[in-house]
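So the chains spell out like this:
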Amino acid sequence: MTVHNNSGSLAIDNIGSLITNDEALGRGPLGIIEHASVVITDGVVEAIGPAGAIADTRIDAEGACVLPGFVDSHTHLVFAGDRSSEFVARMAGEPYDGGGIRVTTDATRNTPTSELDTLLRLRLAEAHQAGTTTIEIKSGYGLNVADEVRSLEVASPYTDETTFLGAHLLPAEYEGRADDYISLVCGEMLAGATPHAKWVDAFCETGAFDADQCRAVLEAGSEAGLGLRLHGNQLGTGPGVQLAVECGCASVDHCTHLTDADIEALAGSDTVATFLPAADFSTRQPYPDARRVIDAGATVAIASNCNPGSSYTTSMSFCIALAVRDMNMTIDEAIQAVTVGGAAALRRDDIGKLVPGSAGHAVILDAPTHHHLAYRPGVPLIRQTIGPLGDFAG
Ligand code: NIG
């Protein structure tokens, strides 16, 4: 069930366990309050405590756990086509090298805008049903001026968190001319994309773009007024993390292969290390050891990376389960990483928590505690999602 809560007053009552993400409000690092109520007025949390009768609508949580809506800070949701055969081949031993991005680029270029919009809405509906209330959406399957701009135009009605990723992979028509392509990305493509984007991103990896090429894209994006993010250290160690820190990126995403120096750089910066465990699952990469990163003092996030090649899932619950089972994160840390961590990766402090004044984005579980999200993997435990994506997704 979807609740649209942009206007009017809503009380979620009879909550068994409320995660506020504010230590001052409740128990432990998640600020848990037992037997709580939340009042949301005009989309903003008004109060936590006994709800009273002031709300127009009342939801009885029947003792369930309520937590902030998930903040999915890394997706590639604008695409057409199917690449399940690549997944099948990988499960039979083929490696992932990112080359399939061109397959999706061909399909996306050849799909009418109305169909891209329909496909996006279906994916947003799926994400919303799975508990996501804020979502970042990248371009990156257009790879020419018209189709990169078109991808961002398709995404921008649905989220403020749009990212220009023209430097995702070298398109076939630029083979052998990577520097010419980077000039296009930094020039005409960026100029067309900027009105529809909040962020700029690049894929810094062997086989995609090198550090100098990515630096050029980040500098041009910054000059155009965009915030910075970077794909780095997905398939091996490399310059991505250091470059992201050097350029002041809000987030460096993947972080699957990290050296001690990378971790030290992250810990001394305000660049968030965003892990994408569903991509490591689907590409058979080793899982990163998040424990080292957290213990060093870096801020971490977890996102779905929903895309047709390396991670075709919108399920943040699945990502939580992987992070807890395989990345040495506690359940509390994984919950923080998909809520306040994602918010930090988007440089937002109005989402990812349930405190007076924050966005009234919430998830009601079919479970008494948040532990069940990792304890019951694969089970659809999201009973109800309260938040704005539902306005578009239906
Ligand atoms: O984040 N790494 C680069 N981009 C996507 C994969 C895209 C694809 O294979 O289509 C990612 O994993």
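Computed from a prediction, not measured in an experiment: that's the story for all the values here.

Enquirer: What exactly am I supposed to notice about the domain arrangement of the protein here?
Expert: For interface size, the figure often reported is the accessible area lost on association. You can read the domains of the protein as domain 1 (2-68 + 352-386) and domain 2 (71-345). A separation of 29 Å is found between the C-alpha centroids of domain 1 and domain 2. At the junction of the two partners, domain 1 supplies 18 residues and domain 2 supplies 18 residues. Carbon and sulfur atoms make up 68% of the area that domain 1 and domain 2 hide from each other, which totals about 1500 Å². Of all residues in domain 1, Leu 373, Ala 374 and Thr 385 give up the largest surface area on contact with domain 2, accounting jointly for 28% of the area buried on that side. Here domain 1 is connected to domain 2 by zero salt bridges. Linking domain 1 with domain 2 are four residue pairs in polar contact (both at pLDDT 80 or more), by the criterion used here. Of all the elements in the fold, those that place two or more residues in the side of domain 1 that touches domain 2 are β6 (65-68), α14 (372-375) and β17 (382-386).

Enquirer: I'm lost on the nonpolar core in this one. Help?
Expert: Most often, soluble globular proteins keep nonpolar side chains buried together rather than apart. Formed by 72 residues in total, the largest nonpolar core has its most connected members in Leu 67, Phe 164, Tyr 181, Leu 230 and Leu 373. In terms of residues, this core owes the most to one element, helix α5 (residues 178-193), which gives seven residues. Here Leu 230 is in contact with Asp 201, Ala 202, Cys 204, Cys 214, Leu 218, Gly 240, Leu 243, Ala 244, Cys 249, Ser 251, Val 252 and Asp 253, once residues within four sequence places are set aside. Counting residues in each nonpolar core, the second largest holds 16 residues, with Ile 40, Val 45, Val 66 and Leu 354 among its members.

Enquirer: Can you help me understand the site of the ligand in this one?
Expert: As a matter of local geometry, the ligand sits amid 15 residues, with Arg 83, Tyr 96, Tyr 141, His 168 and Ser 310 nearest to it. Within the side chain of Tyr 96, one N or O atom sits 2.5 Å away from an oxygen atom of the ligand. The fraction of the free accessible surface of the ligand (330 Å²) that becomes covered by protein chains is 100%. Its residues assigned to classes, the shell around the ligand shows four nonpolar, ten polar and one charged.

Enquirer: Help me understand the packing of aromatic side chains in this model?
Expert: In this description, a pair of aromatic rings is defined by centroid distance and the angle of the planes. Scanning the entire structure with this criterion turns up five aromatic pairs. Ring centres of Tyr 181 and Phe 209 lie 6.3 Å apart, and the angle between their planes is 15°; on these two criteria the pair is classed as stacked. Taken together, the residues span a long stretch of sequence, with Tyr 181 in helix α5 and Phe 209 in the loop between β11 (199-204) and α6 (211-223) at a distance of 28 residues. The pair Tyr 181 / Phe 209 is uniform in exposure class, with both members buried. Taken together, the ring pairs connect Phe 79, Tyr 141 and Tyr 312 into an aromatic cluster. Stacked on the ring of Tyr 174, the Lys or Arg Arg 177 has its end atom at 4.4 Å from the ring centre. Above the ring of Trp 199, the side-chain terminus of Arg 229 is found at 4.4 Å from the ring centroid.

Enquirer: Can you walk me through the environment of Phe 79 in this structure?
Expert: The topology assignment puts Phe 79 in the loop between β7 (70-72) and α1 (84-91). Residue Phe 79 is classed as buried on the basis of its relative accessible area of 1%. Once the C-alpha coordinates of Phe 79 and Glu 94 are considered, the two residues, 15 residues apart in sequence, prove to be 23 Å apart. Apart from the residues lying within four places of it in its own chain, the contact partners of Phe 79 are Thr 104, Thr 108, Leu 116, Leu 119, Arg 123, Tyr 141, Asn 307, Pro 308 and Tyr 312.

Enquirer: Can you help me understand the environment of Leu 169 in this one?
Expert: Along the chain, Leu 169 falls in the loop between β10 (162-167) and α5. With 36 residues separating them in the primary sequence, Leu 169 and Glu 205 have C-alpha atoms 9.8 Å apart. Dropping the residues within four chain positions of it, Leu 169 is found in contact with Gly 98, Gly 99, Ile 101, Arg 102, Leu 143, Tyr 181, Gly 207, Ala 208 and Phe 209.

Enquirer: Explanation requested: the pairing of strand β14 (residues 272-275) in the structure shown.
Expert: Every regular strand shows the same layout, with side chains that alternate between the two sheet faces. Burial of the side chains of β14 extends over both faces: Val 272 and Thr 274 are buried on one face and Ala 273 and Phe 275 on the other. As judged from the four bridges shared by strand β13 (residues 251-254) and β14, these two strands associate in the parallel manner. Pairing of Val 252 across the sheet is with Ala 273, part of β14. Traced from β13 through helix α8 (residues 260-267) to β14, the parallel crossover comes out right-handed. Taken together, the three bridges between β14 and strand β15 (residues 300-302) define a ladder with parallel strand orientation. Each residue of the ladder has a partner; that of Phe 275, found in β15, is Ile 302.

Enquirer: Would you take a moment to explain the sheet that holds β13 for this structure?
Expert: The pairing of strands in a sheet happens through backbone hydrogen bonds and is either parallel or antiparallel. Spatial strand order, β9-β10-β11-β12-β13-β14-β15: seven strands in an open sheet with parallel pairing. A strand with exactly one partner marks an edge of an open sheet, and here the two such strands are β9 (137-138) and β15.

About the thresholds
Residues numbered from 1 in each chain as written. Predicted model: local features only at pLDDT ≥ 70, side-chain atom pairs only at ≥ 80, totals over all residues. Heavy atoms only, no water. Domains from an automatic or database assignment. Contact = heavy atoms within 4.5 Å. Buried area = accessible area lost by both parts, 1.4 Å probe. Salt bridge = Lys/Arg side-chain N within 4 Å of Asp/Glu carboxyl O. Polar contact = N/O pair within 3.5 Å; in protein donor to acceptor, adjacent residues only side chain to side chain. Helix = DSSP H or I, 4+ residues; strand = E, 2+ residues; numbered from the N terminus. Core = buried A, V, L, I, M, F, W, Y, C linked by side-chain atoms within 4.5 Å. Buried < 20%, exposed > 50% of the residue type's maximum accessible area, 1.4 Å probe, protein only. Near = heavy atom within 4 Å. Areas by Shrake-Rupley, 256 points an atom, 1.4 Å probe, with all protein chains shown as cover. Nonpolar A, V, L, I, M, F, W, Y, C, P; charged D, E, K, R; others polar. Phe/Tyr/Trp six-rings, centres within 6.5 Å; stacked < 30°, edge-to-face > 60°. Lys NZ or Arg CZ within 6 Å of the ring centre and 35° of its normal. Pairing = 2+ DSSP bridges. Right-handed = clockwise from strand over helix to strand, strands pointing away.

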